[in-house]
Amino acid sequence: MPAHDPSVSDDAAGAKGPSSAPVRQVLSDSVYEDIKAMVMDHEIAPGARVGIEALARTLNVSPTPVREALARLESDGLVVKRSLSGYRATELLTRQGVEELFEMRLLLEPRAAALAARHADESQLDAVEAILEDMQAHPGPAGPYAAYRDFAVLDQRFHDAIAEAARRPLLADAVERLHSHLHIFRLSSLQSEGAPTLVEHERVVRAILRRRPERAAEAMADHLARSLERRLGRLGPG
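Positions within a chain are numbered from 1, following the residues in the order the chain's sequence is written. Thresholds applied to this predicted model are a pLDDT of at least 70 for local features of residues and 80 or more for the giving and counting of side-chain atom pairs; totals over whole chains, interfaces and linings are not thresholded and use all residues. Excluded from the side-chain calculation are hydrogens and water; included are all heavy atoms of the structure.

(A) Layout of the overall build of the chain. Along the backbone of the chain there are eleven helices and three strands. Secondary structure of the chain in N-to-C order comes out as α-α-β-α-α-β-β-α-α-α-α-α-α-α. Each residue gets one of three labels from its accessible area relative to the maximum for its type: buried under 20%, exposed over 50%, partly exposed in between, using a 1.4 Å probe on protein chains only. Looking at the chain as a whole, 44% of its 238 residues qualify as buried. The contacts of the chain with a sequence gap of at least 6 include a subset with a gap of at least 24, amounting to 75%. Helix numbering and strand numbering both begin at the N terminus, where a helix is a DSSP run of H or I of at least 4 residues and a strand a DSSP run of E of at least 2. Two residues form a contact once any of their heavy atoms are found within 4.5 Å.

(B) Region of the structure containing a negative patch on the surface. Residues enter a patch when their relative accessible area is above 30% and they make no salt bridge; the linking distance is 9 Å between like charges and 5 Å between nonpolar side chains (Val, Leu, Ile, Met, Phe, Trp, Tyr). Using the Shrake-Rupley algorithm and a 1.4 Å probe, accessible areas are obtained, with residue cover drawn only from the displayed protein chains. By convention in these notes, a salt bridge is any Lys or Arg side-chain nitrogen within 4 Å of a carboxyl oxygen on Asp or Glu. His is not counted, nor are the chain ends, whereas Lys and Arg count as positive and Asp and Glu as negative. A charge is said to be at NZ when it belongs to Lys, at CZ for Arg, at CG for Asp and at CD for Glu. A contiguous patch of negative charge on the surface is contributed by D126, E129, E133 and D134. One can find D126 in helix α6 (residues 122-136). The class of D126 is partly exposed, set by a relative accessible area of 46%.

(C) Expanded view of the packing of helix α5 (residues 95-119) against helix α7 (residues 145-165). What counts as an axis is a line fitted to C-alpha atoms, over the stretch in contact for a helix, and the angles between N-to-C directions run from 0 to 180 degrees. One can describe the packing of α5 onto α7 by two numbers: an axis separation of 7 Å at closest approach and a directional angle of 60°. When the axis of α5 is compared with that of α7, the two are oblique. When the axes of α5 and α7 are compared, the crossing they make is left-handed. Contacts between α5 and α7 involve R105, E109, A112, A113, L115, A116 and H119 from the former and H159, I162, A163 and A165 from the latter. In the contact of α5 with α7, the residues fall into seven nonpolar, two polar and two charged. Comment on the angle field: the value is read as roughly parallel under 35 degrees, roughly antiparallel over 145, roughly perpendicular from 65 to 115, and oblique elsewhere. Handedness of a crossing follows from how the near helix is turned relative to the far one, being left-handed for an anticlockwise turn of less than a right angle and right-handed for a clockwise one. Lys, Arg, Asp and Glu make up the charged group, whereas Ala, Val, Leu, Ile, Met, Phe, Trp, Tyr, Cys and Pro make up the nonpolar group; the residues left over, Gly among them, are polar.

(D) Focus on the packing of α6 against helix α10 (residues 194-209). Where α6 meets α10, the closest approach of the two axes is 11 Å, and the angle between their N-to-C directions is 160°. Relative to α10, the element α6 lies roughly antiparallel. The element α6 and its partner α10 pack so that their crossing is left-handed. Note on element contacts: α10 touches α6 through T197, L198, H201, E202, V205, I208 and L209, opposite L125, V128, E129, L132, M135 and Q136. For the contact of α6 with α10, the class distribution of residues is eight nonpolar, three polar and two charged.

This is the structure:
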């Protein structure tokens, strides 16, 4: 884990003028990604206490960007804050937890895909297609989180973009709040996950582009069911 230059933290905290806010944001984003990688790779073990001062020393920054990062990770569902005990990394999803997560996704996302096929405008269709093309250029899950971070982010953007194209704000908000990509990608090394995911995404996109709501819903449901099957296979019998 590369250390940050402490002078950057000092400058970000104390600088005045128009450049201070962008510098502070860059530092905040960097610390967030560093801590997220530590959680995703189990360098911070599931259920373990997350010490602000210790992380600040490890990353060679002040405690402020660490606190900001942990607040963001709490909203992602990767850490939880408890009174008197501070932050802890969330436990891994159990087999039942994975099944419940996908149960929710199967209720929401096929419907979102069908509505997107009906209501998406041209810019939204272009956005979904562009995300798929970006995913094809990035490696799927294998090795440490840093190696597949872009794929994981694009996977979430793909599902969020389809929900947004459904033109149902409450539905889009519900899909986004699941933040399932982080929990799922954190389960274990997901070797060879990229190829089947891309094939399944392509089927969803084709149906949406052709304005075929029923086919879009079927393709999304099939993708989610297959994804659940792959993940439960790695967890073993529950």
